[in-house]
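Chain by chain, the residues run as shown.
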Amino acid sequence: MNEIQNGSLGVHFVKIDENHDGQRIDNFLLGRLKGVPKSRVYRILRKGEVRVNGSRAKAEYRLQIGDAVRIPPVRVAGRDVPAGPSPKLQQLLEQNIVYEDAAFLVVNKPAGLAVHGGSGVSLGLIESLRATRPAAPFLELVHRLDRETSGCLMIAKKRSMLRHLQEEMRAGSIAKVYQALCCGSWPKGMKRISAPLRKNELKSGERIVKVDPEGKASVTHFQVLHRYRGATLLEVALETGRTHQIRVHCQFAGCPLAGDEKYADVECNRQMRQKGLRRMFLHAGRLDVSLPDGQSVEIRAPLPDDLAALLANLE
């Protein structure tokens, strides 16, 4: 994306490159005009103040390589600029990259780090990574992990790869495999849970997910890796990717995740804290990804030291 003209009145033109090829123009403007109210962005589109190659463009227009986009002068609301990532966090992220090529990378996300800012979080993993790599023209989350979940997180470095990976996920062609420690003894023979999930919001504003016949179809596959006294280590594969899916399906089976403050058993969590668990035991350990050229790659993120130490204490 290149600036090709700067007008004296604040009008400017942007030439579209591959990193915005196929993106809706309203989303492009919302990302570029940060601090401008959403209503204002849609108003300048409706009034024809935004033009593509000299013509008016509707909000749903998808940009193409080479398009010249005219952006009118707009007033940006003053905002407090959040502090950037610390050198320690930047180093941690770079050290935790477990796969990278020209089109995307996979980072072994540390537990406790949100994937993006918002909801009281000023700086997430994606904002930190962009600050760490200021020369990178395009870095976007392909999917998300809960803040407390560690493990494989895909970041696209090209819009074409973002589209490819998201299409692969929708088709169920990317295997996402987790390691999870659940409370109690996992029911023998239970290898698949198909239970629809529905998001609910409590009066406090907290989001909670429940098994509900009116919810979205949700399927999770389970394999027992090891049985401990009072807990079971599972390998979990997602067939669908609903919010809190593994957590709620484990609760539904009567064996909630150890350390899960939202869905877990209070007594189990107390016992696990005594053994050293300080967070939810859920780790995205493996991805099987098909690249656009047909090549398949298997990407692994080793179990973090804190979770490995807990398992040693359970032996």
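Quick notes on the rules
- Residues numbered from 1 in each chain as written.
- Predicted model: local features only at pLDDT ≥ 70, side-chain atom pairs only at ≥ 80, totals over all residues.
- Heavy atoms only, no water.
- Helix = DSSP H or I, 4+ residues; strand = E, 2+ residues; numbered from the N terminus.
- Buried < 20%, exposed > 50% of the residue type's maximum accessible area, 1.4 Å probe, protein only.
- Contact = heavy atoms within 4.5 Å.
- Polar contact = N/O pair within 3.5 Å; in protein donor to acceptor, adjacent residues only side chain to side chain.
- Axes fitted to C-alpha atoms, helices over the stretch in contact; angles between N-to-C directions.
- Parallel < 35°, antiparallel > 145°, perpendicular 65-115°, else oblique.
- Left-handed = near helix turned anticlockwise from the far one by under 90°.
- Disulfide = S-S within 2.5 Å.
- Pairing = 2+ DSSP bridges.
- Salt bridge = Lys/Arg side-chain N within 4 Å of Asp/Glu carboxyl O.
- pLDDT = per-residue confidence, 0-100.
- Arc of directions from axis to C-beta.
- Core = buried A, V, L, I, M, F, W, Y, C linked by side-chain atoms within 4.5 Å.
- Phe/Tyr/Trp six-rings, centres within 6.5 Å; stacked < 30°, edge-to-face > 60°.

Asker: Mind showing me how you'd approach the environment of N108 here?
Answerer: Topologically, N108 is positioned in strand β7 (residues 104-109). Using a relative accessible area of 8% as the deciding quantity, one classes N108 as buried. Between the alpha carbons of N108 and L145 there is a distance of 11 Å; along the sequence they are 37 residues apart. Discounting chain neighbours no more than four positions away, the residues touching N108 are N96, V98, G151, H283, A301 and P302. Engagement of the side chain of N108 in a polar contact is seen with the backbone nitrogen of G151, the distance being 3.4 Å.

Asker: Help me understand the packing of helix α1 (residues 25-32) against helix α2 (residues 38-46) in this model?
Answerer: In a packed pair of helices, the relevant descriptors are the angle between the two axes and the axis-to-axis distance. Look at α1 against α2: their axes get within 10 Å of each other, and the N-to-C directions meet at 130°. Judged by the angle between their axes, α1 and α2 are oblique. Two packed elements cross with a definite hand, and for α1 against α2 that hand is right-handed. Of the residues in α2, those in contact with I25, D26, L29 and L30 of α1 are K38, V41, Y42 and L45.

Asker: Looking at this model, I keep getting lost on the state of the cysteines. Mind explaining?
Answerer: Note: disulfide means a covalent bond formed between the sulfur atoms of two cysteine side chains. Evaluation of the coordinates by the stated rule reveals one disulfide. Here C183 is linked by a disulfide to C268, with a sulfur-sulfur distance of 2.0 Å. Every disulfide takes its handedness from the sign of the S-S torsion; for C183 and C268 that torsion is -85°, giving left-handed. Here the residue C183 occupies a position in strand β10 (residues 175-183), and C268 occupies one in helix α7 (residues 266-274), the gap between them amounting to 85 residues. By relative accessible area, C268 is classed as buried at 7%. Here C182 is not cross-linked by a disulfide; its sulfur's nearest cysteine counterpart is in C255, at 4.5 Å.

Asker: I'm lost on the pairing of strand β5 (residues 68-71) in this one. Help?
Answerer: Sheet faces and side chains relate simply in a regular strand, where the side chains alternate between the two faces. Taking every second residue as pointing to the same face, the buried face of β5 carries V69 and I71, while none of A68 and R70 on the other face is buried. Of the strand pairs in this sheet, strand β2 (residues 12-15) and β5 are connected by four bridges, and their pairing is antiparallel. From the neighbouring strand, H12 faces β5, where its bridge partner is I71. In this sheet, β5 lies alongside strand β3 (residues 51-52) in antiparallel orientation, the contact comprising two bridges. Residue pairing for β5: V52 is matched across the bridge by V69.

Asker: Even after reading the chapter, I still don't get the pattern of salt bridges, so can you show me in this structure?
Answerer: A side chain of one charge can pair with a side chain of the opposite charge when the charged atoms of the two come close. In this structure the tally under the stated criterion is 14 salt bridges. Note that R24 and D26 form a salt bridge whose closest N and O atoms lie 2.8 Å from each other. Relative accessible area serves as the criterion here: at 27%, R24 is assigned to the partly exposed category. Look at D26 and you get buried, because its relative accessible area is 2%. Between D288 and R286 there is a salt bridge, and its shortest N-O distance comes to 3.1 Å. D288 gets classed as partly exposed once you look at its relative accessible area, which sits at 23%. Here the residues in one salt-bridge network are E94, E100, R133 and K157, joined through shared partners.

Asker: So what exactly am I meant to see when it comes to the confidence of the model for the protein here?
Answerer: Segments scoring low in pLDDT should not have their predicted coordinates read at a detailed level. In this model, the protein carries an average pLDDT of 89, and 92% of its residues clear a pLDDT of 70 or more. Low pLDDT (under 50) marks residues 3-9, which in the prediction has twelve contacts with non-local residues, meaning those over four places away or in another chain.

Asker: Sorry if this is basic, but what is going on with α1 here?
Answerer: Helical periodicity: at 3.6 residues per turn, an α-helix aligns residues three or four positions apart in one direction. Listed in full, the buried residues belonging to α1 are I25, D26, F28 and L29. The arc that holds the buried residues of α1, viewed along the axis, is 160°, so those residues lie on one side. Buried residues belonging to α1 abut β2, α2, β3 and β5.

Asker: Please explain the nonpolar core as it appears in this structure.
Answerer: Soluble, globular proteins show a tendency: their nonpolar side chains are buried together. Of all hydrophobic cores here, the largest spans 32 residues; its most connected members are L153, I155, Y178, W186 and I246. When residues no more than four places from it in sequence are discounted, the contact partners of I246 are Y178, T220, V236, L238, L257 and L282. Grouped together as the second largest cluster of nonpolar side chains are 19 residues, Y99, V142, V289 and L291 included.

Asker: Please clarify how the packing of aromatic side chains should be interpreted in this entry.
Answerer: Given two aromatic rings, their pairing is described by the distance between the two centres and the angle made by the two planes. All told, the structure shown has two aromatic pairs when counted by the stated rule. Seen from their ring centres, Y99 and F104 are 5.1 Å apart, and the 45° between their planes marks the pair as tilted. Looking at F104, the relative accessible area reads 0%, which means it is buried.

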